[in-house]
Amino acid sequence: MSENSFKNILGSYVKDESVLRELEQGEVLVLDIYKGKGIAIAAVKFPSLINTQTLEKAQKSIEKSLNLKTMLIKPKYTPDMFDISYFQEIVAVLRRQASVVNGFFDDAKASFEDNKLTIELQNGGFDIIKRAGVDLKLLQIISDLFSFQPVLEFTGTLTVSQSQHEELIKSSAPPKPQYTPREDVRESPKQTYSRSQSNEDEPKKVSLSFTDLPFLSKNAVQVTGRKITERPAPLCDVTMESGRITAWGDVFAMDRRESRDGSKLILSYNVTDYTSSNTLKIIIDVKKSEPLEKISKGSTILFKGEVSYDKYDREITIRPSDIMLVEKKKKMDMAQRKRVELHVHTNMSSMDGITDAATLIKTAHRWGHKAIAITDHGVAQAFPEAMNTVDQIHKEDEDFKLIYGVEAYFVNDCISAVDGVKEQPIDGEFIVFDTETTGLNATYERLTEIGAVKIKNGQVVDTFNTFVNPQKPIPPKITELTGITDNMVKDAPLEAEALKSFIEFCGDSILIAHNAPFDMGFINATAKRNHIDVNYTSVDTVVIARSLYRNINNHKLNTLVKHLELGSFNHHRASDDAEILARIFFKMAQNLKEEYEVNNISEINTKLAGSDPKKLPAYHQILLVKNAVGLKN
């Protein structure tokens, strides 16, 4: 057990042995103690998932033992430990941070696959959950616990009527907070909103003294409190010891709750200045809350207030007394010669774009660009929005141009199994060969083995095999895959000598290989380095297999061996791979003659049908519209 184990550092303060047994293997990463405030916060990395009840019992025990007001244990897990069975524990944490969760998450089902967390709601309320920023809170909790953020998707019953909503709220009482709103007001007497309670129709606009921040110094709107003159500090510097601070941030989520007697509002604003994020917590009389309605999601605010530990949300928050609305500086393209972007994804490109077409087009026009191309992945759904946006722009600027386009998926379903011009009957003489190498790149990696067999009339008539000294260490992963070690090749011929021996064995025969571009790539690269002339016609059995055997999942060598029932073999050794490939080619040649009437190697490319496009490698291809005909196409 390490010196930083939970048992060694905090174990003596946990009196329940069963609780301690669950926590003792945890590693204390950080322990912050704020003596003057009676608060301690410990970040603990646990080897297994801990339920919230166990953590709460430990926290209460430590609070009692050390006479603390608050003890917070923040569990930390690795991303691979995320398990959907822990979802209800995460929801329990979420309920304490957002009362709107109550009712809507009851009986919800969750699943996790391919980094996507899918929550199937049973009681509707998705719009309310989204509006309250509960989805962002959920992702933040997962990030804090497991150090990663999944893609979040809500399915199931997404909508709910107003009467159902009220019934859900009645049937699902929120968890009892550890403080009352009235106590919080006593705790922060410096909060005052009197200066914003004027009867003026127009908001008060002021100018700020600093100009080098991401918002404009002019036309700042006084929302509440006094004008802020101090320069804002970055949110990443905020700690429990910060005291009274000035900062700024963009509001990315909001929460609004009423006190039990309905007289006060509890407002939470999640803000970020892109160095870090924090929550502003305001408790105010309902009658005095009207000025705060100016703040909405997406607003940029400058604020000043006290940093404190929030017992209800169990995190460090800021209690602002002074708030000003400021206007964010818009990014501009300052280049003298403007670009034209010909490859843009909108939010219609699944997993690739998050910005709508209108925003992208308006931004390009504002930056002084002459045109922009919308090229979504395989879809054209953004075209109507793009067209309407450009129609609006043309009222002021007729020269701005929208280029319609698409990023298509291109597959080469033409048969190109034969590379070269040499003629040869399908049952003639061929060299079936395979290579083993130190890696995948023919330019930088080297051969370690060449194995080959000579076949004629469906029979193996000769064999060839040689190790090759690569004059560089063989990577451990390659040794694990092929079984070839540095010791096995240390006395082998160098690549030039080995290649000359292979060429002598081959003569002028056509070469056959499985994934021939790879093996021929190494043969040609070796020949070029050593000034050796080679000019072989080659046949790729992978391409032939894709057309002949479409009903199998892939066309790797071992998959074909199993499909054709050819028995076992020593895979990833050149001589064995070459011999088994010869047997595969015999089968292929028989199929080609009987089913496609292919009698000569040169006929394979023209007579064999294309492969299944869904199983071929896909490449991206940008297509841009030139005129109305192209748009229709």
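Preceding this section is the structure that the text describes.
Bear in mind that the values here come from a model prediction, so they are computed numbers and not experimental data.

Trainee: Would you take a moment to explain the environment of Asp-107 for this structure?
Mentor: Locating Asp-107 in the fold gives a position in the loop between helix 4 (87-97) and strand 4 (109-113). Sequence spacing of Asp-107 and Asn-600 is 493 residues, and the spatial spacing of their C-alpha atoms is 67 Å.

Trainee: Just checking my understanding: could you explain the packing of aromatic side chains for this structure?
Mentor: To describe a pair of aromatic rings, one takes the distance between the centres and the angle between the planes. What the rule picks out here adds up to 16 aromatic pairs. Judged by centre distance (6.5 Å) and plane angle (40 degrees), the rings of Phe-46 and Tyr-77 are tilted. Taken as a pair, Phe-46 in the loop between strand 2 (39-45) and helix 3 (52-66) and Tyr-77 in the loop between strand 3 (70-76) and helix 4 lie far apart in primary sequence, 31 residues in all. In this structure, Phe-46 and Tyr-77 share a single accessibility class: buried. Summarising the aromatic geometry, the rings of Phe-464 and Phe-502 are spaced 5.8 Å apart at their centres and angled 50 degrees between planes, so their arrangement reads as tilted. Of the two residues, Phe-464 sits in strand 20 (residues 459-467) while Phe-502 sits in helix 13 (residues 495-506), which places them 38 residues apart along the sequence. Since its relative accessible area comes to 13%, Phe-464 is described here as buried. One aromatic cluster is present, built from ring pairs that chain together Phe-46, Tyr-77, Phe-82, Tyr-86, Phe-112, Phe-146 and Phe-148.

Trainee: Explanation requested: the sheet that holds strand 5 (residues 116-121) in the structure shown.
Mentor: In sheet architecture, strand pairing relies on hydrogen bonds along the backbone and comes in two forms, parallel and antiparallel. Spatially, the 3 strands line up as an open sheet ordered 4-5-6, and their pairing is mixed. At either margin of the open sheet sits one strand with a lone partner, and together these are strand 4 and strand 6 (151-156). Taking each pair of neighbouring strands and ignoring which way they run, the sheet shows an average axis angle of 20 degrees. Both strand 4 and strand 5 contribute to a ladder of 5 bridges, which runs antiparallel. In the sheet register, Lys-109 faces strand 5, and the bridge partner there is Glu-120. Its contacts with the sheet place helix 6 (residues 134-146) against strand 5 and strand 6, and it is angled at close to 130 degrees to strand 6.

Trainee: Just to check I follow, could you spell out the packing of helix 15 (residues 541-548) against helix 17 (residues 574-596) for this structure?
Mentor: Two numbers describe a pair of packed helices, the interaxial angle and the distance between the axes. It is at 11 Å that the axes of helix 15 and helix 17 come closest, and there the two elements cross at 50 degrees. Accordingly, the angle class assigned to the pair helix 15 and helix 17 is oblique. Crossing angle aside, the handedness with which helix 15 passes helix 17 is left-handed. Taking contact as the criterion, the partners of Thr-541, Ile-544, Ala-545, Ser-547 and Leu-548 in helix 15 are, on helix 17, Leu-581, Phe-585, Met-588, Asn-591, Leu-592 and Tyr-596. Looking at the contact of helix 15 with helix 17 residue by residue, the classes come out as 8 nonpolar, 3 polar and no charged.

Trainee: Sorry if this is basic, but what is going on with a nonpolar patch on the surface here?
Mentor: Among the surface-exposed residues, Val-340, Leu-342, Ile-622 and Leu-624 lie close enough to one another that they form a single nonpolar patch of about 290 Å² accessible area. Among the structural elements, Val-340 can be located in the loop between strand 13 (315-326) and strand 14 (341-344).

Trainee: How do you make sense of the layout of surface pockets when you look at a structure like this?
Mentor: A probe matching the size of a water molecule, rolled over the atoms, marks out where space remains unfilled. In this model, the largest pocket occupies a volume close to 1,400 Å³. In terms of lining residues, the largest pocket is bounded by 48 residues, among which Lys-74, Gln-140, Asp-144, Arg-314 and Glu-315 are the most central. A total of 7 residues in the lining of the largest pocket trace back to one element, the largest contributor, which is helix 6. Its residues placed into classes, the lining of the largest pocket shows 23 nonpolar, 12 polar and 13 charged.

Calculation rules
- In this convention, every chain numbers its residues from 1, walking through the sequence in written order.
- At least 70 in pLDDT is required for a residue's local features to be given in this predicted model, at least 80 for side-chain atom pairs to be given and counted, and no such filter applies to totals for whole chains, interfaces and linings, which use all residues.
- To get the side-chain values, all heavy atoms of the structure are used, and hydrogens and water are removed first.
- Counting from the N terminus, the helices are the DSSP runs of H or I reaching at least four residues and the strands are the DSSP runs of E reaching at least two.
- Pairing of aromatic rings covers Phe, Tyr and Trp, the last through its six-membered ring, and needs centres within 6.5 Å; plane angles under 30 degrees mean stacked, over 60 mean edge-to-face, and all others mean tilted.
- A 1.4 Å probe rolled over the protein chains alone gives each residue an accessible area, and that area as a share of the maximum for its type sets the label: buried under 20%, exposed over 50%, partly exposed in between.
- At least two DSSP bridges between two strands are required for those strands to pair.
- Lines fitted to C-alpha atoms define the axes, with helix axes restricted to the stretch in contact, and inter-axis angles between N-to-C directions lie between 0 and 180 degrees.
- We call two residues contacting when some pair of their heavy atoms lies within 4.5 Å.
- In this scheme, roughly parallel covers angles under 35 degrees and roughly antiparallel covers those over 145, while 65 to 115 is roughly perpendicular and the rest are oblique.
- Crossing handedness follows the turn of the near helix against the far one: under a right angle anticlockwise gives a left-handed crossing, and clockwise gives a right-handed one.
- Basically, the charged four are Asp, Glu, Lys and Arg, the nonpolar ten are Ala, Val, Leu, Ile, Met, Phe, Trp, Tyr, Cys and Pro, and anything else, Gly included, counts as polar.
- By definition, no residue in a patch forms a salt bridge, and every one has over 30% relative accessible area; like charges are joined within 9 Å, nonpolar side chains (Val, Leu, Ile, Met, Phe, Trp, Tyr) within 5 Å.
- The method behind every accessible area is Shrake-Rupley, applied with a 1.4 Å probe, and residues are considered shielded solely by the protein chains displayed.
- Any carboxyl oxygen of Asp or Glu within 4 Å of a side-chain nitrogen of Lys or Arg constitutes a salt bridge here.
- Only protein atoms enter the 1 Å grid, on which a cavity is a set of points fitting a 1.4 Å probe that cannot get out and a pocket is an open set with protein on both sides within 12 Å along at least 5 of 7 lines, lining residues being those with an atom within 4 Å of a point.
- Grid points are joined across faces, edges and corners, and a volume is the space filled by probe spheres set on the points.

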